[in-house]
Amino acid sequence: MKHFKLSAIFTLFLVCNFTFASKATETLSSSKGDMVTITYELAYKNGKVTISFSNVRKTLGNHGRKYQNSEDIVVLFFDRKGGYMEDFSGNLIEERPFTIPAGLQYNKPSEDGYFIIGQSTPPELTFDMKTTETVNLSIPVYLAKHPKRGKYEVFQDCGNLVIPIAPEAAGQTQSGKAGRKTESYEYIEEAGTDFEEMAESLINKINTSLEWMEDGSSFGPELISQISTLKDLKPKISNRKLLREIDETIVACDAKREELKRQAEQQESAKRQEEAKAQENAMELQLYMNCTDTVNCLHYLEIYGEKGEHSAQIKEKLEKLREQKKTADAKQKKRTIWMIIGGGLMAVLLFVGNQAMQSFRNIRTQRSIMEMQQDVTKRAAGTATKRAKSLIHNKTHQAVNATRNKGRDLTQKGIEKTKTVNLKKKEGNIQANGATNMGKTQTTKKKPNNKQVSI
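Below you will find a few notes about this structure. Residues take numbers from 1 onward in each chain, read along the sequence in its written order. Only residues with pLDDT of at least 70 are given local features in this predicted model, and only at 80 or more are side-chain atom pairs given and counted; all residues enter the totals for whole chains, interfaces and linings. Side-chain calculation: all heavy atoms of the structure are included, whereas hydrogens and water are not.

Starting at the N terminus, helices and strands are each numbered in turn, a helix being any DSSP run of H or I of at least four residues and a strand any DSSP run of E of at least two. What the protein contains, in helices and strands, is nine helices and ten strands. Only protein chains enter the accessibility calculation, which uses a 1.4 Å probe; a residue whose area is less than 20% of its type maximum is buried, one above 50% is exposed, and one in between is partly exposed. When each of the 455 residues of the protein is scored for burial, the buried share is 28%. When checking whether two residues touch, look at their non-hydrogen atoms; a contact exists if any pair is within 4.5 Å. Across the protein, every contact between residues at least 6 apart in sequence was considered, and the portion connecting residues at least 24 apart equals 63%.

Two strands pair under a simple rule: DSSP has to find at least two bridges between them. Sheet architecture is open: five strands sit in the order β1-β2-β3-β8-β6, paired in antiparallel fashion. Every other strand in the sheet has two partners, leaving β1 (23–29) and β6 (104–106) as the edge strands with one partner each. Sheet twist, expressed as the mean angle between neighbouring strand axes with direction ignored, is 30°. Relative to strand β8 (residues 124–129), β6 is paired through three bridges, and the arrangement is antiparallel. In the sheet register, Leu104 faces β8, and the bridge partner there is Met129. For every element, the axis is a line fit to its C-alpha atoms; helices are fit only across the contacting stretch, and the angle between N-to-C directions ranges from 0 to 180 degrees.

Turning our attention to the pattern of salt bridges. Salt bridge criterion: a side-chain nitrogen from Lys or Arg within 4 Å of a carboxyl oxygen from Asp or Glu. Throughout the structure, instances matching the rule amount to nine salt bridges. Its salt-bridge partner being Glu94, residue Lys81 comes within 3.6 Å of it at the nearest N-O pair. Of the two residues, Lys81 is situated in the loop between β4 (73–78) and β5 (88–89) and Glu94 in the loop between β5 and β6; the sequence distance between them amounts to 13 residues. Here Glu94 falls in the exposed class, since its relative accessible area comes to 59%. Where Glu268 meets Arg272, a salt bridge forms, and the shortest distance between an N and an O atom there is 3.8 Å. Here Glu268 and its partner Arg272 are both found in helix α5 (residues 240–289), four residues apart, which amounts to about one turn of the helix. Taking the relative accessible area as the measure of exposure, Glu268 reaches 38% and is therefore partly exposed.

Between its first and last C-alpha, α5 extends 71 Å over 50 residues, near the 74 Å set by a 1.5 Å rise per residue. Buried residues of α5: Leu242, Ile246, Thr249, Ile250, Cys253, Lys256, Leu260, Gln263 and Glu284, and no others. In protein, a polar contact means a hydrogen-donor-capable atom and an acceptor-capable atom, both N or O and within 3.5 Å, with residues adjacent in sequence counting only if both atoms are side-chain atoms; elsewhere, any N or O pair within 3.5 Å suffices. Regarding α5, its N-cap is Asn239, as a side-chain oxygen of that residue lies 3.0 Å from the backbone nitrogen of Lys241 further along. Expected span, for any helix, means 1.5 Å times one less than how many residues it has.

Running from N to C, helix α6 (residues 294–304) and helix α7 (residues 311–425) point in directions that differ by 150°, and their axes come no closer than 10 Å. Taken together, the axis directions place α6 and α7 in an arrangement best described as roughly antiparallel. Of the two elements, α6 crosses α7, and the hand of that crossing is left-handed. Two secondary-structure elements touch here, α6 through Thr294, Cys297, Leu298, Tyr300 and Leu301 and α7 through Ser311, Ile314, Lys315, Leu318, Leu321 and Arg322. The scheme is simple: roughly parallel for angles under 35 degrees, roughly antiparallel for over 145, roughly perpendicular for 65 to 115, oblique for anything else. The handedness criterion is simple: a crossing whose near helix is rotated anticlockwise from the far helix by less than a right angle is left-handed, and one whose near helix is rotated clockwise is right-handed.

Now for the pairing of β8. By the criterion of burial, β8 is predominantly enclosed, with five of the six residues buried. The pairing of strand β3 (residues 48–59) with β8 spans five bridges and is classified as antiparallel. In the strand pairing of β8, Ile51 is matched with Leu125.

Further remarks concern a nonpolar patch on the surface. Patch membership needs two things, relative accessible area over 30% and no salt bridge, and members are linked within 9 Å if like-charged or within 5 Å if nonpolar (Val, Leu, Ile, Met, Phe, Trp, Tyr). Here the accessible surface of atoms and residues is derived via Shrake-Rupley with a 1.4 Å probe, and residues count as covered only by protein chains that are part of the display. Together, Ile337, Trp338, Ile341 and Leu345 make up a nonpolar patch on the protein surface, roughly 440 Å² of accessible area in all. Its place among the elements puts Ile337 in helix α7.

Okay, structure coming up:
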């Protein structure tokens, strides 16, 4: 019964070892601190080997803001050079397809020219085995940015995933060797010796990882899984020396974690200090660039004093500005004095000119008054002359008229006397002639000669 129990345990161990070997995990890293953990499975059947990439985990390194969104980052590899179904842009990295070793024949090339690990349908590679020796399949793995709507942009090379492929007869043994990279471990409750071997292997791996861990890095998923597995194995191990080594390893892990935490805090503090220093330098540079006058220069020296990076230059510039201001003030003072002198001379000239103009206006006014007086005198004399002439003319005319009228009156009286004499002489004739001559005589009397003779 005991023999049967041991056989069953051994068979179960072989089964677990085979399962362990069929599912291997490999972690790759890039120069930027990216960590890519790929889980793949090997299956042998009828001279063929199929590699199925079942899972992938990625931890992005330092790439700036452009590649921070992990949802847009994919892990992929290529099975041919160029002629892809999708567009690849950027040309940041030269895409290399995986190398097929001698003894393997690639049966089912992809239509797209590349495979993306981590999708719902795991990519598979199938090869025909033409060799009796173990060969290594080297697959270059890349990180690419692929938004929901956009082209693929390959930006990081994560190295080569090397998969050892043994002939089908030796596949189990080879797979057992490769299976030490896996993250999942299975135990057999009654096989204490195997737990010790597994614990020793884990201790070696963990210590090696701790020794090669660089500053600023962190515990990866594989290392965390190994530590957890080692802690789970501790209750199942009775070897005191091994238990002490497990405790020491766990303590070393805790110390390393604390050390990495302190380093991360120090790096973060140094980063913040660098950012603050850069910001302060930028502000100082901005103040320095604004130092175009005395006020800004004094403001710079007030803030930074002697410790400023540009303090010496600011002091020299301040001296130059002061000299320039002093020279400008002297010129302005001289200009002001000349303006005062010029203003005084201008005032004197204006006063003299005003007096001269006033004198000229007075002389011209007096001359105009004299001319007006002379003109009035002339006009009065002319008027008096005209009035005298008119009076003389009127008197002369009146005398002439009086003389003329007197002559006319005398003539009229003479004529009338003559007519009277003639009438007396002819009275008899008139009476004889009767009424006819009387009519004529009367008619003659009715028409007196009133004509005036002008001299």
